[in-house]
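Structural characterization, general
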Amino acid sequence: MSVGIDIGTKTIKIVELAKSAAKFRLKASGAIGYTGLEPERLNDEKDYVPIVEALKKLFKEAKIYDKKVSISLPESQVFTRTVSFPQLTDQEISSAVKWEAEQYIPIPLSEAVMQHQVLEKRDNMNPPDVLVLLVAAQKNLVEKYVRVVSLAGLNCVGVETELLAMIRSLAPIDQTVIIADIGAKGTDLAISKNGMLIFSRSIPTAGDAFTRAVAQSLGINAVQAEQYKRTYGLSKEQLEGKVKAALDPIVKIVAEEIKKAIHFYQSEEKGESPTSLILTGGASGMPDIVPTLSKFLGMEVIIGNPFSKIEMDLKVAASLQGYYPLYAVAVGLALRGE
Ligand SMILES: Nc1ncnc2c1ncn2[C@@H]1O[C@H](COP(=O)(O)OP(=O)(O)OP(=O)(O)O)[C@@H](O)[C@H]1O
Ligand SMILES: [Mg+2]
């Protein structure tokens, strides 16, 4: 049994998987909104209350009894980069990472938690090298997330970054793709090659910005704007295209960042062009976002299915229909299988 919790800025998502032989089965899932500060901004004891209470409630409602959970750190708060090392043994790479990390990460080592992953041995490079993914976060950030979980009576057994988790549930193992997690506060972009994270970037434009644009442009309040965004989205036919006209410029900002990420990956890292854009995150539920982005970018765009490798009852599948985009990170965390 394994439980993954994705604490977003707007909603907490939870997934419990059971493993038998090599197969995973969905046991439980749920999502809950919360108001209050997100974990990275928590300081005072009382600030922790809304989020901890929401997490407790979600656990109870989803009927999850396993207290061992894996959690993710928000991409905007962590540091991820790929570094080329000479072709050393895995052990030598581990020590090289340790000794040379200071050059690559902007956090003093005494305050950082670091992880690395060997991505590929590149024999065709001159000289041949090994591409290594380095991930670092402030210790203090990790402590805040772990504290939220322990205050809710849970035991944190795994921590990783959102994109590393998401790649596990969404990335195909035989292609290069770009994935965009469009949440509330931010959009996280990942380029994944053969199921491994090669490139990541986080931008502060997502669902909240979409709602603000609709509210300002149509002169309505945030609650109504949220509803318009969800109901009419980017559809030309609705409300004389007024909602679409408000949203288009913001969606274009996201599209431009996707273009830049692909361009950077191709020019600086000599990577091959991603075959498609996979969308996930709550805001990817916006009507007509697929054709709109596909037109802006001139590439295939699909909504990711994080449950594609997971077995579930037909009834459960039907009840989750339309909510798939919420669960990519939580499923990826539960797939760690700890
Ligand atoms: N059907 C929908 N259509 C459009 N937007 C939606 C829909 N459902 C949810 N959203 C938007 O998705 C956002 C929440 O998504 P999600 O739960 O992925 O964010 P989060 O993980 O809390 O945020 P972040 O990843 O930025 O920390 C909100 O902005 C919400 O308005
Ligand atoms: Mg999120």
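Given the structure is predicted, the values throughout are model-derived calculations rather than measurements.

**Digging into helix H7 (residues 242–268)**
Quick reminder: α-helices carry 3.6 residues per turn. Residues three or four places apart thus point the same way. Here H7 contains 27 residues, and its C-alpha end-to-end distance of 39 Å stays within 8% of the 39 Å for a straight helix at 1.5 Å per residue. Lys270 sits one or two positions beyond H7 and adopts a positive phi of about 55 degrees.

**Some details on helix H1 (residues 49–61)**
In this model H1 runs 18 Å from its N-terminal to its C-terminal C-alpha over 13 residues, within 8% of the 18 Å that 1.5 Å per residue would give. Those residues of H1 not exposed but buried are Ile51, Val52, Ala54, Leu55, Leu58 and Phe59. One side of H1 holds all its buried residues, which, seen down the axis, span an arc of 160 degrees. Buried residues belonging to H1 abut strand E2 (11–20), strand E3 (23–33) and helix H3 (139–151). Within two residues after H1, Lys63 carries a phi angle of roughly 60 degrees, on the positive side.

**Some points on the site of ligand 1**
Around ligand 1, 21 residues are found, and the nearest of them are Gly8, Gly183, Gly207, Gly282 and Gly285. Counting only elements with at least two residues in the shell around ligand 1, the list comes to helix H5 (207–218) and helix H6 (222–231). If you tally residues by element for the shell around ligand 1, the top one is H6, at three residues. Each residue belonging to the shell around ligand 1 can be placed in one class, and the counts come to six nonpolar, nine polar and six charged.

**Brief notes about the pairing of strand E12 (residues 276–280)**
Within E12, four of the five residues are buried, leaving the element largely enclosed by the surrounding structure. Bridging between strand E9 (residues 176–182) and E12 involves four bridges; their strand directions are parallel. Counterpart to Ile178 in the pairing with E12 is Leu277. Bridging between E12 and strand E13 (residues 300–303) involves four bridges; their strand directions are parallel. When the bridges of E13 are listed, Leu279 appears paired with Ile303. Crossover connection from E12 via helix H8 (residues 289–297) to parallel E13: handedness right-handed.

**Describing the environment of Arg41**
Tracing the backbone shows Arg41 in the loop between E3 and H1. Note: C-alpha distance between Arg41 and Lys144 (103 residues apart in sequence) is 8.7 Å.

**Some details on the sheet that holds strand E7 (residues 129–138)**
On the basis of which strands lie adjacent, the open sheet formed by three strands has the order E5-E7-E6 and antiparallel pairing. Of all the strands in the sheet, the pair left with one neighbour each is strand E5 (79–86) and strand E6 (112–122). Each neighbouring strand pair of the sheet contributes to a mean axis angle of 25 degrees, computed without reference to strand direction. Here eight bridges tie E5 to E7, and the two strands are oriented antiparallel to one another. Counted as the bridge partner of Ser84 is Leu131 from E7. Where helix H2 (residues 90–104) meets the sheet, its contacts fall on E5, E6 and E7, and the angle it forms with E7 comes to roughly 55 degrees.

**A few points about the sheet that holds strand E10 (residues 187–193)**
If you trace the five strands from one edge of the open sheet to the other, you get E11-E10-E9-E12-E13, paired in mixed fashion. The sheet is open, and its two borders are formed by strand E11 (196–203) and E13, each paired with just one other strand. Mean inter-strand twist for the sheet, computed between neighbouring axes without regard to direction, equals 20 degrees. Contacts between H8 and the sheet are confined to E12 and E13, with E13 contributing the most and set at about 155 degrees to the helix.

**Things to note about unusual backbone geometry**
A cis amide bond, omega -5 degrees, links Asn126 with the succeeding residue Pro127. Tracing the backbone shows Pro127 in the loop between E6 and E7. For Ala21, which is not glycine, the phi dihedral falls at a positive 50 degrees. In this model, Asn194 sits at a positive phi of 50 degrees, which is unusual for a non-glycine residue. Classification of Asn194 by C-beta neighbours within 10 Å gives partly exposed; the count is 14.

Conventions used here
- Residues numbered from 1 in each chain as written.
- Chains lettered and ligands numbered in written order.
- Predicted model: local features only at pLDDT ≥ 70, side-chain atom pairs only at ≥ 80, totals over all residues.
- Helix = DSSP H or I, 4+ residues; strand = E, 2+ residues; numbered from the N terminus.
- Expected span 1.5 Å × (residues − 1).
- Buried ≥ 20, exposed ≤ 12 C-beta atoms within 10 Å, placed from the backbone.
- Arc of directions from axis to C-beta.
- Contact = placed C-beta atoms within 7 Å.
- Near = placed C-beta within 6 Å.
- Nonpolar A, V, L, I, M, F, W, Y, C, P; charged D, E, K, R; others polar.
- Pairing = 2+ DSSP bridges.
- Right-handed = clockwise from strand over helix to strand, strands pointing away.
- Axes fitted to C-alpha atoms, helices over the stretch in contact; angles between N-to-C directions.

None of the figures reported here should be taken as evidence of function without further support.
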